[in-house]
Amino acid sequence: QVQLLQSGGGLAQAGGSLRFSCVASGSIVSPILSISLMGWYRQAPGEQRELVASITSGGTTSYADSVKGRAAISRDNARNTVYLQLSSLKPEDTAVYYCYADSILYRTTYGPARGNNYWGQGTQVTVSS
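Residues numbered from 1 in each chain as written. Predicted model: local features only at pLDDT ≥ 70, side-chain atom pairs only at ≥ 80, totals over all residues. Heavy atoms only, no water.

Engineer: Explain the overall build of the protein to me, please; I cannot follow it from the model alone.
Structural biologist: Within the protein one finds zero helices and 12 strands. Starting at the N terminus and walking to the C terminus, you meet the elements of the protein as β-β-β-β-β-β-β-β-β-β-β-β. A compact globule built from 129 residues should have a C-alpha radius of gyration of about 14 Å, and the protein, at 15 Å, falls within 12% of that. Principal axes of the C-alpha set define a box for the protein whose edges measure 55 × 25 × 25 Å. (Helix = DSSP H or I, 4+ residues; strand = E, 2+ residues; numbered from the N terminus. Rg over C-alpha atoms; globule rule 2.2 N^0.38 Å.)

Right under this line is the structure:
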């Protein structure tokens, strides 16, 4: 019922920047009421998926050490959308980036319900030196 659709990413040169966006959507009969946590993860080849940045509904942010000072996460609660701006790109930023949402409250026929651990479809980012 809940889907995350992400956009952005692609090819970039070192030193450049990329912007990502991700929209969480429910359905006509089960619209989203609120999302507690949204964020971005990434997974490089042969590596574990790692958190890049996260943001709560209140705007509290958290960043991986590897992107601090280079990343900016923001969200639009009214549009259930999260954004990530990644600047001063490095070849080590090359990975598949995934949007993430947790603790989503949505309406159902039987009343509000909460679901956890939703992921976007992933988007490849390749940074060339």
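Read on, since the account is not over.
Engineer: Explanation requested: the pattern of salt bridges in the structure shown.
Structural biologist: Pairing is possible between side chains of opposite charge, provided their charged atoms come close. Evaluation of the coordinates by the stated rule reveals five salt bridges. Between Glu 50 and Arg 42 there is a salt bridge, and its shortest N-O distance comes to 2.7 Å. Using a relative accessible area of 5% as the deciding quantity, one classes Arg 42 as buried. Connected through salt bridges with shared partners, the residues Arg 42, Glu 50, Arg 70 and Asp 93 form a single ionic network. (Salt bridge = Lys/Arg side-chain N within 4 Å of Asp/Glu carboxyl O. Buried < 20%, exposed > 50% of the residue type's maximum accessible area, 1.4 Å probe, protein only.)

Engineer: I keep staring at the pairing of strand E7 (residues 71-76) and nothing clicks. Help me out?
Structural biologist: Side-chain direction in a regular strand flips from residue to residue, so the side chains alternate between the two faces of the sheet. Inspection of the sheet shows E7 paired to strand E8 (residues 81-86) by six bridges, in the antiparallel sense. Directly across from Arg 75, in E8, lies its bridge partner Val 82. Between E7 and the antiparallel strand that follows it, E8, lie four residues; Asn 80 among them carries a positive phi value of about 50°. (Pairing = 2+ DSSP bridges.)

Engineer: I would appreciate a short explanation of the side chain of Arg 75 in the present structure.
Structural biologist: Note that Arg 75 resides in strand E7. No salt bridge is formed by the buried Arg 75. Its closest oppositely charged neighbour is Asp 76, at 8.0 Å. Of note is the side chain of Arg 75, whose polar atom sits 3.1 Å from the backbone oxygen of Ile 55. Here Thr 56 takes part through its backbone oxygen, which lies 3.3 Å from a polar atom of the side chain of Arg 75. (Lys, Arg positive; Asp, Glu negative; His and termini not counted. Polar contact = N/O pair within 3.5 Å; in protein donor to acceptor, adjacent residues only side chain to side chain.)

Engineer: How should I be thinking about the side chain of Asn 80 in this particular structure?
Structural biologist: With respect to the helices and strands, the residue Asn 80 is situated in the loop between E7 and E8. Those residues in contact with Asn 80, other than ones at most four positions away along the chain, are Cys 22, Val 23, Ala 24, Ile 32, Ile 35 and Met 38. (Contact = heavy atoms within 4.5 Å.)

Engineer: What's the story with the packing of aromatic side chains in this structure? I'm lost.
Structural biologist: How two aromatic rings sit relative to each other is given by the distance of their centres and the angle of their planes. This structure, assessed with the given rule, holds six aromatic pairs. Pairing Tyr 41 with Tyr 100 gives two aromatic rings, centres 5.4 Å apart and planes at 70°, and the pair type is edge-to-face. Taken together, the residues span a long stretch of sequence, with Tyr 41 in strand E4 (residues 32-43) and Tyr 100 in strand E9 (residues 95-108) at a distance of 59 residues. Seen in terms of ring centroids, Tyr 100 and Trp 119 are 4.7 Å apart; in terms of plane orientation they differ by 50°. Their pairing is tilted. Taken together, the residues span a long stretch of sequence, with Tyr 100 in strand E9 and Trp 119 in strand E11 (residues 118-119) at a distance of 19 residues. Judged by its relative accessible area of 9%, Tyr 100 is buried. A relative accessible area of 34% means that Trp 119 is categorised as partly exposed. Grouped by ring-pair contacts, the aromatic residues Tyr 41, Tyr 98, Tyr 100 and Trp 119 constitute a single cluster. Lying over the aromatic face of Tyr 98, Arg 49 brings its terminal NZ or CZ to 3.8 Å of the ring centre. (Phe/Tyr/Trp six-rings, centres within 6.5 Å; stacked < 30°, edge-to-face > 60°. Lys NZ or Arg CZ within 6 Å of the ring centre and 35° of its normal.)

Engineer: I tried to follow the sheet that holds strand E3 (residues 18-25) on my own but got confused; where do I start?
Structural biologist: Remark on secondary structure: sheet strands pair via backbone hydrogen bonds, oriented parallel or antiparallel. If you trace the four strands from one edge of the open sheet to the other, you get E1-E3-E8-E7, paired in antiparallel fashion. Of all strands in the sheet, those with a lone pairing partner are strand E1 (3-8) and E7, marking the two edges. Shown here is a sheet whose adjacent strand axes are inclined to one another by a mean of 15°, direction ignored. Of the strand pairs in this sheet, E1 and E3 are connected by six bridges, and their pairing is antiparallel. Within the sheet, the bridge partner assigned to Gly 8 lies in E3 and is Phe 20. (Axes fitted to C-alpha atoms, helices over the stretch in contact; angles between N-to-C directions.)

Everything listed here is a matter of geometry and, on its own, says nothing about what the molecule does.
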